[in-house]
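As a plain string of letters, each chain reads:
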Amino acid sequence: MTDNNLPQIENISRRSILKGFALSGLVLAVGMPAQLLAADEKQKYGRDGMPNGWVDDPLVFVSIAEDGTVTIVAHRSEMGQGVRTSLPMVVADEMEADWQQVKIVQAEGNEKRYGNQNTDGSRSMRHFFMPMRNVGAAARMMLEAAAAAMWAVPVAEVKAKNHQVIHAKSGKTLGFGELAQKAAEMAVPENQNLIYKSADEFNYIGKKDNKLVDGFDIATGQTTYGMDVRLDDMVYAVVAHPPAYGDTLKSYDDTETLKVPGVIKVLTLPSSPPPAVFNPLGGVVVVASNTWAAIQGRKKLSIEWNAGPNRQYDSAKFRETLQASSKQKGGKVIRSKGETYNELANASSTITADYYIPHLAQAPMEPPAATARIVDNVCEIWTATQNPQAGVDTVAKWLEVKPEQVKVNVTLLGGGFGRKSKPDYLVEAALISKALGGQAVKTVWTREDDIQHSYFHTVSAEHLEAGFDESGNTTAWLHRTVAPTIASTFAKDAKNEMPMELGMGVVNIPFDVKNIQIENPEAAAHTRIGWYRSVSNIPHAFAIQSFIAEMAHKTKKDHKDFLLALIGPDREIDPASLKDDWNYGESPELYPLNTTRMKGVINMVTDKADWGKTLPKGSGQGLAVHYSFVTYVATVVEVVVNDDGEVSIPRIDVAVDCGPQVNPERIRSQIEGACIMGASLALTSEITFKDGVTVQDNFDGYQVTRMDAAPKEIHVHLVPAKDFNQPLGGVGEPGMPPVAPAICNAIFNATGKRIRELPIRYQLES
Amino acid sequence: MKLTINGESRQVDVPADTPILWTLRDVLGMTGTKFGCGKALCGACTVMLDGQPIRSCVTPISAAENKKITTIEAISEDKVGQAVQEAWQSINVPQCGYCQSGQIVAATALLRDNPNPTDEDIDTAMSGNICRCGTYTRIRAAIKQAAQQGDK
């Protein structure tokens, strides 16, 4: 690779890995691109390539009580994707445990013990299906070995079934509880000797009606999220953060604050110079006997800030800068095939379009919160985090202690969407506890804190051009993508998109076009840029899938037919041949870009949605397809646009090819949720900056889809996999990218109006 | 101040303008009612005050004097509330679950007033409750299922 954005990435990633420092959060989040490895290191893929890899030791994950209760450890964070149900269910099924007698316990952050815990990148089932099968199969074989030993019969004559081991010849049975002690003494079988259940023996894997382990507790209000943690003698804190990223505290007056009933103390936290990494923002802390008093106290603070380097950040002006760059030839060439500029100049006809996608905030319903205390030089934290190990490492660095002196307990997450991958709020809680002599303190972020101080989804300008021959066949494709990069959060001056961001649908387009040119002009970041569910796939899919519909219209072809022709013949494409060396961290042999599967979801969804059906005036259907997180998703949206330009969505159909489906019910719910989150960003959500500060600070300004605007029907169609040995795809994120372009393509078909910037908001009002 | 919460008499000593939400959560340790926005914009904090759904994050505790507060922890004592909770579980409505306390209280209040709501009735009653995970289609289905339960 001669990729010229490597030096800065290499700097941060290599250094952080060598130091074992939490900076590797970036790497944790994205997998390690091949080119970052030293020459003598062999590229590892999938779960092997993740920091701290994977663990499949049954003694770590399973314990059996004498009453028969099987306790299974959930080591990934639950944020609504169902992982506390789905992964333990794999263990239970493989070990023949009865789900009614299974108890789930959540692992603390300890990747040496549990393997990678960074719940991010739509990886949990993709990476841990096999390790969890290994855990279950080993546990089952140990139970069988114990029973055979107790009965003094050959192990081949016994079989585990539904929470007991049976000796068919004698008709003897022993329950798992009765076998627990003996089984624990048995040798853990080697992986090569494991005997797996066949798919027709599965009780839970692949079944449609699995219930959520936390369903009852949620419905009855008995769950504990990070926000709900309570410790004895706990106090509460809120922080007045610097308004713009890079501002620092100049002075403050807490006279009025200290008069607020319940306020105990005011203290300060240092600001951290860029890059942001996972460091706390600093500011003035109000400690009180309850959250309300702390919030009231914060309102009474009088603070002067030193303006930092980002006070000029203005979204309207920045948009002009981005769009000017995107329209200008040049910038780093990411992929170049053929003679694109020549072809465009000589094409029979051409089309050009520019798209704009604003910043977004993840805004999980539970704002960030962390509770910390320090006892005997050990800092213990209870919090909702997607990435507990990064929490351990970052807190240890800030407290200047060893990671062994930090314990992060993972609660349920009230949503994550990438925000809770960044443990800045854990560090705040730890530092405040330290300042209070180790006292237990819950640091609460209000919604305003959350929306104003997110690690924001980037802002993008996407410029596309295409050329056609006389018959309307596409001969040239030009794409310039410009967006502040996530790398800027880890290396101050990073200005080009990383291989990971470019691999999210810019370079890895499997289009059958002779001339392709993809460029990435520079863009500077003026706030903390982070990842948000499906990340850069959002702007890339919006631009590309809208543009293809525009191309079809221009050449007077049916959108679906045009899209299928653009993808071209059935083939498996090595992602590296598309200049995508990342491929979601997965092996190109196991996970080639498969055009048959991509066309398969298009055909399935258009069939199910009755593509091309006659609709009344003001209604229309729109189509989009996107490959992300090694899963193929195609979406057809039906919209109605009324005379006032208001959009409603009667129906969405989604076809998903994610390989084998371990818990289809949760796959459906994730795709349904992605449709609604995708509708939010298409219809109303936008974060803008003025003088370096976000204009929006709560759900009045930052609008998300509510019940009345939500799609009335969502139909999820899953492409069956051949068997459970096929590679698994991601599920949590890949439903998102096609939603916005499918909505906008439907609006075009309903009204003839083309939306090229998000959100749609009032653009259809005449 | 004397309060009646979930049928029990409780005494709290907080300033009169303290919202019901923080009184429940921080003073009484009842964390089933959630904090989402602090401005009555998201509905996560919904409780019933004398049977009416209110946003507890902006309602001062003084407004609850001599009235009955019902929270998610006691919603099952109401026949409608129980049907709603059962429908929520049977349809696997929740994803992260954080907003669902508020959703369930709001849905219970709706069905107590209107045992057979139309889609429009559901939109009106439930649009104050944000679910960022996007469980709206299932919430709608669960409300209808709970309504049918009430018919039997």
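Under the annotation held in an unreviewed UniProt entry, chain B carries the name Isoquinoline 1-oxidoreductase, alpha subunit and is attributed to Methylophaga sulfidovorans.

The name recorded for chain A in an unreviewed UniProt entry is Isoquinoline 1-oxidoreductase, beta subunit, from Methylophaga sulfidovorans.

Peer 1: What should I look at first to understand the overall build of chain B in this one?
Peer 2: Looking only at helices and strands, chain B features five helices and five strands. Reading the helices (α) and strands (β) of chain B from amino to carboxyl end gives β-β-α-β-β-β-α-α-α-α. At 15 Å, chain B has a C-alpha radius of gyration in line with the 15 Å of a compact globule built from 152 residues. Reported as C-alpha extents along the three principal axes, the dimensions of chain B are approximately 40 × 30 × 25 Å. A burial count over chain B gives 61% of its 152 residues as buried.

Peer 1: I'm lost on helix H4 (residues 83-95) of chain A in this one. Help?
Peer 2: Helical geometry: 3.6 residues make up each α-helical turn, so side chains three or four residues apart lie on a common side. Residue and element names in this part refer to chain A. Relative to the 18 Å expected for 13 residues at 1.5 Å per residue, H4 spans 18 Å between its end C-alpha atoms, a close match to the ideal helical length. Of all the 13 residues making up H4, 13 are buried; the element is thus mostly covered by neighbouring parts of the structure. Glu 96 sits one or two positions beyond H4 and adopts a positive phi of about 65 degrees.

Peer 1: How do you make sense of the pattern of salt bridges when you look at a structure like this?
Peer 2: Side-chain pairing between opposite charges can occur once the charged atoms of the two side chains come close. Taken as a whole and judged by the stated rule, the model has 40 salt bridges over all chains. With a closest N to O distance of 2.8 Å, Glu665(A) and Arg666(A) form a salt bridge. Between Arg112(B) and Asp78(B) there is a salt bridge, and its shortest N-O distance comes to 2.4 Å. With Arg112(B) in helix H3 (residues 100-113) and Asp78(B) in the loop between strand S5 (68-70) and helix H2 (79-90), the pair connects residues that are 34 residues apart, well separated along the chain. One continuous salt-bridge network, built from bridges that share partners, spans Lys712(A), Asp119(B), Asp123(B), Arg140(B) and Lys144(B).

Peer 1: Got a minute to help me understand the sheet that holds strand S3 (residues 46-49) of chain B in this structure?
Peer 2: Each strand in a sheet pairs with another by means of backbone hydrogen bonds, the pair being arranged parallel or else antiparallel. Residues and elements named next belong to chain B. Here five strands make up an open sheet; going across it, the order is S2-S1-S5-S3-S4 and the pairing mixed. The open sheet has two edge strands with one neighbour each: strand S2 (8-11) and strand S4 (52-55). The mean angle between the axes of side-by-side strands here comes to 40 degrees, regardless of whether they run parallel or antiparallel. Pairing of S3 with S5, which is carried by two bridges, proceeds in the antiparallel orientation. Looking across to S5, one finds that Met 48 is bridged to Thr 70.

Peer 1: Could you clarify how one ought to interpret the interface of chain B and chain A in this entry?
Peer 2: Facing the 48 residues of chain B at the interface are 64 residues of chain A. Of the roughly 4,600 Å² buried where chain B meets chain A, counting both sides, 56% is carbon and sulfur surface. Summed over the three residues of chain B that lose the most area to chain A, namely Gln95(B), Arg132(B) and Tyr136(B), the buried surface amounts to 18% of that side. The interface formed by chain B and chain A contains six salt bridges. Between Arg138(B) and Glu672(A) there is a salt bridge, and its shortest N-O distance comes to 2.7 Å. Across the chain B-chain A interface, the total number found is 31 residue pairs in polar contact (both at pLDDT 80 or more). Every element with two or more residues in the side of chain B that touches chain A is listed here: helix H1 (20-27), H2, H3, helix H4 (119-126) and helix H5 (136-151) of chain B. A total of five residues in the side of chain B that touches chain A trace back to one element, the largest contributor, which is H5(B). Looking at side-chain class alone, the side of chain B that touches chain A contains 20 nonpolar, 18 polar and ten charged residues.

Peer 1: Sorry, what's going on with the UniProt feature "domain: Aldehyde oxidase/xanthine dehydrogenase a/b hammerhead" (unreviewed entry) in chain A here?
Peer 2: In the numbering adopted here, UniProt assigns the feature "domain: Aldehyde oxidase/xanthine dehydrogenase a/b hammerhead" (unreviewed entry) to residues 220-309 of chain A. Along residues 220-309 of chain A, the helical share is 10% and the strand share 33%, with 48 Å between the first and last C-alpha atoms.

Peer 1: Is there a simple way to think about the sheet that holds strand S18 (residues 460-468) of chain A in this case?
Peer 2: All names here are of chain A. Pairing within the open sheet is mixed, and its five strands lie in the order S12-S20-S19-S18-S13. Two strands lie at the open edges of the sheet, namely strand S12 (332-337) and strand S13 (349-357), each paired on one side alone. Pairwise comparison of adjacent strand axes, ignoring direction, gives a mean angle of 10 degrees for this sheet. Sheet topology note: the strand S19 (residues 474-482)/strand S20 (residues 515-520) ladder contains five bridges and is parallel. Pairing of Ala 476 across the sheet is with Asn 515, part of S20.

Peer 1: So what exactly am I meant to see when it comes to unusual backbone geometry here?
Peer 2: Among all residues except glycine, the phi angle is most often negative; among peptide bonds, the trans geometry is most common. Pro275(A) follows Pro274(A) through a cis peptide bond whose omega is 0 degrees. The residue Pro275(A) is located in the loop between strand S9 (263-269) and strand S10 (283-288) in this model. In this chain, Leu758(A) is followed by Pro759(A) through a cis amide linkage whose omega measures -5 degrees. Phi angles above zero are rare outside glycine, and Asn377(A) is one such case at about 65 degrees. By the secondary structure assignment, Asn377(A) is in the loop between strand S14 (369-375) and strand S15 (378-383). By relative accessible area, which is 58% here, Asn377(A) ends up exposed. Positive phi, normally seen in glycine, also occurs at Asn92(B), with a value near 55 degrees. With respect to the element layout, Asn92(B) can be found in the loop between H2 and H3.

Peer 1: Looking at this model, I keep getting lost on the domain arrangement of chain B. Mind explaining?
Peer 2: Size of an interface, as often reported, equals the accessible area lost when the parts are brought together. Residues and elements named next belong to chain B. As far as domains go, chain B holds domain 1 (2-74) and domain 2 (75-150). Averaged C-alpha coordinates put domain 1 and domain 2 at centres separated by 20 Å. Across the contact, 20 residues belong to domain 1 and 18 residues belong to domain 2. By the criterion of area lost to domain 2, the three top residues of domain 1 are Met 48, Ile 72 and Ala 74, representing 36% of everything that side buries. Summed over the shared surface of domain 1 and domain 2, the number is zero salt bridges. Linking domain 1 with domain 2 are nine residue pairs in polar contact (both at pLDDT 80 or more). Of all the secondary structure elements, the ones that give two or more residues to the side of domain 1 that touches domain 2 are S3 and S4.

Peer 1: Would you explain the packing of helix H12 (residues 388-399) of chain A against helix H13 (residues 424-435) of chain A in this entry?
Peer 2: Any two packed helices are characterised by how steeply their axes cross, that is the angle between the axes, and by the distance between the axes. All names here are of chain A. Running from N to C, H12 and H13 cross one another at 35 degrees; their axes reach a closest spacing of 9 Å. The crossing of H12 and H13 is right-handed. Facing H12, whose interface residues are Gly 391, Thr 394, Val 395, Trp 398 and Leu 399, H13 presents Leu 426, Val 427, Ala 430, Leu 431 and Lys 434.

Peer 1: Before we go on, may I ask you to explain the domain arrangement of chain A in this structure?
Peer 2: Residues and elements named next belong to chain A. Entries for chain A in the domain assignment read domain 1 (58-220), domain 2 (235-308 + 368-444) and domain 3 (315-360 + 456-751). A separation of 38 Å is found between the C-alpha centroids of domain 1 and domain 2. With 15 residues of domain 1 at the interface, the matching set in domain 2 holds 16 residues. The junction of domain 1 with domain 2 conceals about 1,200 Å² of combined surface from both sides, 50% of it contributed by carbon and sulfur atoms. Among the residues of domain 1 in contact with domain 2, Met 79, Glu 108 and Gly 109 are the three that bury the most area, contributing 39% of the side total. In this structure, the connection of domain 1 to domain 2 is made through one salt bridge. Where Lys 407 meets Glu 108, a salt bridge forms, and the shortest distance between an N and an O atom there is 2.9 Å. Run the count over domain 1 and domain 2 and you get seven residue pairs in polar contact (both at pLDDT 80 or more). Grouping the amino acids of the side of domain 1 that touches domain 2 by side-chain chemistry returns two nonpolar, seven polar and six charged.

Conventions adopted
- The residue numbers shown here count from 1 along each chain, following its written sequence.
- In the order they appear in the text, chains get letters beginning with A and ligands get numbers beginning with 1.
- It should be noted that, the model being predicted, local features are given only for residues of pLDDT at least 70 and side-chain atom pairs only at 80 or more, the latter also being counted only at that level, while totals for whole chains, interfaces and linings use all residues.
- To get the side-chain values, take all heavy atoms of the structure and skip hydrogens and water.
- Each helix corresponds to a stretch of at least 4 residues labelled H or I by DSSP, and each strand to a stretch of at least 2 residues labelled E; elements are numbered beginning at the N terminus.
- Computation of the radius of gyration draws on C-alpha atoms alone. For the globule rule, the value is 2.2 Å times the number of residues to the power 0.38.
- When a residue's accessible area, from a 1.4 Å probe over protein chains only, is under 20% of the maximum for its type it is buried; when over 50% it is exposed; and in between it is partly exposed.
- To estimate the expected span of a helix, subtract one from its residue number and multiply by 1.5 Å.
- We define a salt bridge as a side-chain nitrogen of Lys or Arg found within 4 Å of a carboxyl oxygen belonging to Asp or Glu.
- We call two strands paired when DSSP finds no fewer than two bridges between them.
- Think of each axis as a best-fit line through the C-alpha atoms, taken over the contacting stretch in the case of a helix, with angles from 0 to 180 degrees between the N-to-C directions.
- Here a residue-residue contact requires only that any non-hydrogen atoms of the pair lie within 4.5 Å.
- Once two parts are put together, the accessible area they lose, assessed with a 1.4 Å probe and summed over both, is termed the buried area.
- Pairs of N or O atoms within 3.5 Å make up the polar contacts considered here, provided that, within protein, one atom can donate a hydrogen while the other can accept it, and that residues adjacent in sequence are counted only when both atoms are side-chain atoms.
- Residues were grouped as follows: Ala, Val, Leu, Ile, Met, Phe, Trp, Tyr, Cys and Pro as nonpolar; Asp, Glu, Lys and Arg as charged; and all remaining residues, including Gly, as polar.
- UniProt positions are given in the numbering used here, feature names are shortened, and annotations may be inferred rather than shown by experiment.
- These domain limits were set by an automatic method or by a database of domain assignments.
- By convention the crossing between two helices is left-handed if the near helix lies anticlockwise of the far one by an angle smaller than a right angle, and right-handed if it lies clockwise.

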